[in-house]
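Understanding the architecture of this molecule
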Amino acid sequence: MRVQSALLLLILCTIILTGCDSDKISRLEKQNQELQAQIQKQEAAADLDLQAKCSKDAKTFFVEGWRRDKNTTLLEYMNHYNKKENKCFIFVEYHYDSDFAGPNGVSWTNDMTVYDVYENVKYGYFAENHISYYKPTIRTSDEVISCEFLDKKCTSIQEFNFFARPYMNN
């Protein structure tokens, strides 16, 4: 009888302790989920702060580096805080009238540049002339002057944009 009582007491204690452990595990899992949600909120707020800082600093970078003049037809920029690189990038596109066509046509140049705003490092540069002649016959031509991104040479605007995309989209 003593053995049965001791065995019954042992089983009862095991059940009680197991029940307590399962409640404790449930509470700990719930606390873990709450902490993870709080960390995600803090990370999202930090990301928004970095994006806002990048936007402000890119605007300053742009205003200090580029000016419109009478030949400017387009001067725009976009910025992007790249979380993976932990860098702020700016993509500047500048179109301006040029004199390559002479009196028998019109011409313009497209310059595009990607910079790291904080390091003031040029990552890529693209320049292309567009020429249209009206006399004696109508004809057009496009000529890539320069196309490079970091240590890579390119031959077209499509290639340049392909190289720039990972820096402006991550």
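These remarks concern the structure in this document. If you're wondering where the values come from, they're calculated on a predicted model, not measured in any experiment.

Applying the stated rule across the entire model yields two disulfides. Here Cys54 connects covalently by a disulfide to Cys88, the sulfurs 2.1 Å from one another. An S-S torsion of about 80 degrees defines the bridge between Cys54 and Cys88 as right-handed. Pair noted here: Cys54 is in helix 1 (residues 2–65) and Cys88 is in strand 2 (residues 87–98), with a separation of 34 residues, a long-range link. Residue classification places Cys54 among the buried residues on the basis of a relative accessible area of 1%. Overall, the relative accessible area of 0% leaves Cys88 in the buried class. Two residues share a disulfide in this structure: Cys147 and Cys154, whose sulfurs sit 1.8 Å from each other. Looking down the S-S bond of the Cys147 and Cys154 bridge, the torsion is -100 degrees, so its handedness is left-handed. One exposure class covers both Cys147 and Cys154, and it is buried. Sequence-ordered numbering of the disulfide-bonded cysteines in the protein gives the connectivity 1-2, 3-4.

Hydrogen bonds between backbone atoms are what pair the strands of a sheet, whose relative direction is either parallel or antiparallel. If you walk across this open sheet you meet the six strands as 1-2-3-4-5-6, and the pairing is antiparallel. The strands lining the two open edges of the sheet, one partner per strand, are strand 1 (72–82) and strand 6 (152–153). As judged from the ten bridges shared by strand 2 and strand 3 (residues 105–116), these two strands associate in the antiparallel manner. Residue pairing in the sheet places Glu93 in a bridge with Met112 of strand 3.

Glancing now at unusual backbone geometry. Residue Pro136 is bonded to the preceding Lys135 through a cis peptide linkage, with omega at -5 degrees. With respect to the secondary-structure elements, Pro136 resides in the loop between strand 4 (121–133) and strand 5 (139–149). Backbone geometry at Asn86 places phi at a positive 55 degrees, although glycine is not the residue there. Here Asn86 lies in the loop between strand 1 and strand 2. With a relative accessible area of 55%, Asn86 lands in the exposed category.

In terms of nonpolar packing, the biggest core is built from 14 residues, with Phe89, Phe91, Val114, Tyr123, Phe149 and Phe160 touching the most fellow members. Among the elements of the structure, strand 2, strand 3, strand 4, strand 5 and helix 2 (157–169) are those that each provide at least two residues to this core. Here Phe160 is in contact with Phe91, Met112, Val114, Gly124, Tyr125, Phe126, Cys147, Glu148, Phe149 and Cys154, once residues within four sequence places are set aside. The next biggest cluster of nonpolar side chains, apart from the first, holds 13 residues, and it includes Ala58, Phe62, Tyr81 and Ile90.

Parameters and conventions
Residues numbered from 1 in each chain as written. Predicted model: local features only at pLDDT ≥ 70, side-chain atom pairs only at ≥ 80, totals over all residues. Heavy atoms only, no water. Disulfide = S-S within 2.5 Å. Helix = DSSP H or I, 4+ residues; strand = E, 2+ residues; numbered from the N terminus. Buried < 20%, exposed > 50% of the residue type's maximum accessible area, 1.4 Å probe, protein only. Pairing = 2+ DSSP bridges. Core = buried A, V, L, I, M, F, W, Y, C linked by side-chain atoms within 4.5 Å. Contact = heavy atoms within 4.5 Å.

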